[in-house]
Amino acid sequence: RRQNEVFVDLARRYLGEDSKVFILDGADAETTRALLRSGGVAADRIVCANPFPDTAAALRNSGITVVERRAEDWLPAAAERFAALYLDGCGGAPEPLMACAAHLDAATPPAAGFVLGFTLTNADPLGRPVADREQMVVRAWAKACRGHGLTTHRPFDNAADADNAPPRSHDGTLTTWITFEPP
């Protein structure tokens, strides 16, 4: 729940007239509902990837666009400009999250930059430490962003935001927030 609040706040900060929000969500539609309740994100500006037909149908009831594919298969070719992406629920392997960074080859990021949130669980099939896997994802997205002249920042690292920082780890899941902005 707290991570959805953080995502809503960051999404509203970066969302412009020509951009959308990309999420992964389940049948409970918690992230979708948080975005819609915020009043700052309309349903037609939310795109969700979910490869399961029953779950996708349930999510469509919220009025959002649902792509019945895995994020790492759809996002790299998507031409939409996303001001906020929340890749939640990807499990423990970093490779799908890294593959999503190829999205920046297909679409120009919004001029003001964008925010990325992602989760990793302890359930990595190769047994790699979560900190190493997190860095693999961060590096892949940072490399993709350098080609667009964007720099990488971690919200909540500065003193002004430190008191509002969400927990990084909860119940075996690590959540990371990164912003990419012009220098």
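In this text the structure is predicted, and so the values were computed from the model without any measurement. (Residues numbered from 1 in each chain as written. Predicted model: local features only at pLDDT ≥ 70, side-chain atom pairs only at ≥ 80, totals over all residues. Heavy atoms only, no water.)

1. Section: the overall build of the chain
Here is step 1 of the chain: The number of helices and strands found in the chain is eight helices and eight strands.
Here is step 2 of the chain: Scaling as 2.2 N^0.38, a compact globule of 183 residues should have a C-alpha radius of gyration of about 16 Å, and the chain matches this with 15 Å.
Here is step 3 of the chain: Along the first, second and third principal axes, the C-alpha atoms of the chain reach 35 × 35 × 35 Å.
Here is step 4 of the chain: Taken across its 183 residues, the chain has 46% of its residues classed as buried.
Here is step 5 of the chain: Partitioning the contacts of the chain with sequence separation of at least 6, the portion at a separation of at least 24 is 72%.
Here is step 6 of the chain: Surface summary for the chain: the accessible area is close to 8700 Å², and the carbon and sulfur share equals 50%. (Helix = DSSP H or I, 4+ residues; strand = E, 2+ residues; numbered from the N terminus. Rg over C-alpha atoms; globule rule 2.2 N^0.38 Å. Buried < 20%, exposed > 50% of the residue type's maximum accessible area, 1.4 Å probe, protein only. Contact = heavy atoms within 4.5 Å. Areas by Shrake-Rupley, 256 points an atom, 1.4 Å probe, with all protein chains shown as cover.)

2. Focus: unusual backbone geometry
Here is step 1 of the chain: Positive phi values are uncommon outside glycine, yet Ala29 reaches one of about 55°.
Here is step 2 of the chain: By secondary structure assignment, the location of Ala29 is in the loop between strand S1 (20-24) and helix H2 (30-37).

3. Thoughts on the packing of aromatic side chains
Here is step 1 of the chain: Tallying each qualifying case throughout the model produces nine aromatic pairs.
Here is step 2 of the chain: Chaining the aromatic ring pairs together yields one cluster made of Phe7, Tyr86 and Trp177. (Phe/Tyr/Trp six-rings, centres within 6.5 Å; stacked < 30°, edge-to-face > 60°.)

4. Here we look at the nonpolar core
Here is step 1 of the chain: Membership of the largest hydrophobic core comes to 28 residues, with the highest contact counts inside it found for Phe22, Leu87, Phe118 and Trp141.
Here is step 2 of the chain: Top contributing element to this core by residue count: helix H7 (residues 130-146), with five residues. (Core = buried A, V, L, I, M, F, W, Y, C linked by side-chain atoms within 4.5 Å.)

5. Quick notes on the side chain of Thr55
Here is step 1 of the chain: Within the secondary structure layout, Thr55 lies in helix H3 (residues 53-60).
Here is step 2 of the chain: Thr55 gets classed as buried once you look at its relative accessible area, which sits at 17%.

6. Notes on the environment of Gly127
Here is step 1 of the chain: By secondary structure assignment, the location of Gly127 is in the loop between strand S5 (114-121) and H7.
Here is step 2 of the chain: Residue Gly127 is classed as exposed on the basis of its relative accessible area, which comes to 60%.
Here is step 3 of the chain: On a C-alpha basis, the gap between Gly127 and Asn61 in space is 38 Å, while along the polypeptide they are 66 residues apart.

7. Description of the packing of helix H1 (residues 2-14) against H2
For any two helices packed against each other, the geometry comes down to the angle between their axes and how far apart the axes lie.
Here is step 1 of the chain: H2 packs onto H1 with a crossing angle of 45° between their chain directions and a minimal axis gap of 9 Å. It follows from the interaxial angle that H1 and H2 lie oblique. For the pair H1 and H2, the sense of crossing is right-handed. Mapping the contact onto sequence places Asn4, Phe7, Val8 and Ala11 in H1 and Glu30, Thr31, Ala34 and Leu35 in H2. (Axes fitted to C-alpha atoms, helices over the stretch in contact; angles between N-to-C directions. Parallel < 35°, antiparallel > 145°, perpendicular 65-115°, else oblique. Left-handed = near helix turned anticlockwise from the far one by under 90°.)

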